Amino acid sequence: MRACEPPPSMKGADRQPPRPRWTASCTRSCLQPTLALVLLVCAQLTSLPVCRADVEQLFSQASELQDANLCSEALPLYSELLGQPDLSSTLRANVLYNEAVCLELNDQPQRALQNYQQVRQQAAQPELRRDAMFRLAALSLKFNPRGPERRILRDLLLKRTRREDRARIHIELASVDLQLNREQRAAHHLRRASSIARNLSPPLNPWYQARAQLLIGDLFSRSASRSALTSRRPRVLVRRLHHRAKLLERAQLHYVAAIEQKLPHWAQAGTLHLAQAILELAQAMQALERRISDGQLRGRVKERQLLKAWLAARRPGTARKAFESLQLCLDLRQETGHKSNYSSSCRELLERFPMELLNGNEPRQETLPIGANSAP
């Protein structure tokens, strides 16, 4: 039987960017047997499935796959590692944590929660336990935003002194508040996170940069939706169209910033949220066209006709932007191999896309009618 080589330097959870984390779950070799012990394990304890050096190599391979956003390929390797009877408690905690990250990204949150809970209870490293508690609370709140885990995040925010940690917690709390429609609180947390991240060196982890940009885009999209096109006066409707267009333009900038982080998970989210916001505007424009045709608007006949003509010309292009954003979402899924709820939603929305929104004349004017100076 051949002798195993000494174990290489362990590459732990610090090899897993981009992923939601505070600290590296393993920054040095978690298995440090001497060469004699390695030889003994490989040459004499033949009942073990693999030697310790091979265990480290398998962990390194899984880490590299996770680095490359190939969690589907990494998960079987993590399962194989957890099946090894000689796995040390330290390495087991790191494998459980990394597997949980992949499970979370692959839309298996319940299994991820179980792993985070085990790490929180069993890990010997204090930083890894706190990291698991942070992820456990954040993931739990996605299912129950009013749950007690929110207090855990707030307690962690008070106890953490590292600025990067505080920025990440603010972003998680902003996500929770947005789920609860507490937009002012969400905006407050995002402002605090942005202020902290602005002075960080090295910069904030790209995972959280992308997530923060997505949340800011959502805030602008929600604000745009509140600019309802329900008035019966053409001039009021034009002002609201102009205001809504400006807000969606701001939202688009942040969605694009999230996509530019080049993380498949958040890139798919950015394309989906952008498509939903633009599609909502296109449908509102179509509904307004029908109201004009049905004679539900007041004002001069010429104003109503101008507004209707402008809507008929601009609505198809607006809808086309939403359609193309959904197509980009699916292209990202195909190119990266990363499957998520976001890409599934993109496919569903594309399959039932209201194609009639794309029908209409090409635009003949660049501005809104009745005195406005911009268009969606």
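Heads up: the structure comes first, above all this text.
### As for the packing of helix H12 (residues 264-293) against helix H14 (residues 341-351)
Here is step 1: As a packed pair, H12 and H14 sit with axes 8 Å apart at the nearest point and diverge in direction by 35°. Of the two elements, H12 crosses H14, and the hand of that crossing is left-handed. Residues His-265, Trp-266, Gln-268, Ala-269, Thr-271, Leu-272, His-273, Gln-276 and Leu-279 of H12 lie in contact with H14, whose contacting residues are Tyr-342, Ser-343, Ser-345, Cys-346 and Leu-349.

### Details of the pattern of salt bridges
Here is step 1: The full count for this structure, using the stated rule, is 14 salt bridges.
Here is step 2: Across the salt bridge formed by Glu-183 and Arg-222, the nearest N and O atoms sit 3.6 Å from each other. One end of the pair, Glu-183, is in helix H9 (residues 183-198); the other, Arg-222, is in helix H10 (residues 206-225), with 39 residues separating them in the sequence.
Here is step 3: A relative accessible area of 26% means that Arg-222 is categorised as partly exposed.
Here is step 4: Arg-235 is the salt-bridge partner of Glu-303, the closest N and O atoms lying 3.0 Å from each other. A residue pair is termed long-range when its members are at least 10 positions apart, and Glu-303 in helix H13 (residues 301-336) and Arg-235 in helix H11 (residues 234-259) qualify at 68 residues.
Here is step 5: Overlapping salt bridges, with partners in common, bring together Glu-104, Arg-135, Lys-142, Glu-172 and Arg-211 in one network.

### So, the state of the cysteines
Here is step 1: Tallied over the entire structure, the rule returns 2 disulfides.
Here is step 2: Paired by a disulfide, Cys-71 and Cys-102 hold their sulfur atoms 2.2 Å apart. Looking along the S-S bond of the Cys-71-Cys-102 disulfide, the torsion reads about -75°, which is the left-handed sense. Taken together, the residues span a long stretch of sequence, with Cys-71 in helix H3 (residues 71-82) and Cys-102 in helix H4 (residues 89-105) at a distance of 31 residues. The exposure classification of Cys-71 matches that of Cys-102, with both residues buried.
Here is step 3: The disulfide bridge from Cys-329 ends at Cys-346, spanning 2.3 Å between sulfur atoms. Disulfide Cys-329 to Cys-346: torsion about the S-S bond roughly 90°, handedness right-handed. One end of the pair, Cys-329, is in helix H13; the other, Cys-346, is in helix H14, and 17 residues separate them in sequence.

Here is what the cut-offs are and how they apply
Residues numbered from 1 in each chain as written. Predicted model: local features only at pLDDT ≥ 70, side-chain atom pairs only at ≥ 80, totals over all residues. Heavy atoms only, no water. Axes fitted to C-alpha atoms, helices over the stretch in contact; angles between N-to-C directions. Helix = DSSP H or I, 4+ residues; strand = E, 2+ residues; numbered from the N terminus. Left-handed = near helix turned anticlockwise from the far one by under 90°. Contact = heavy atoms within 4.5 Å. Salt bridge = Lys/Arg side-chain N within 4 Å of Asp/Glu carboxyl O. Buried < 20%, exposed > 50% of the residue type's maximum accessible area, 1.4 Å probe, protein only. Disulfide = S-S within 2.5 Å.

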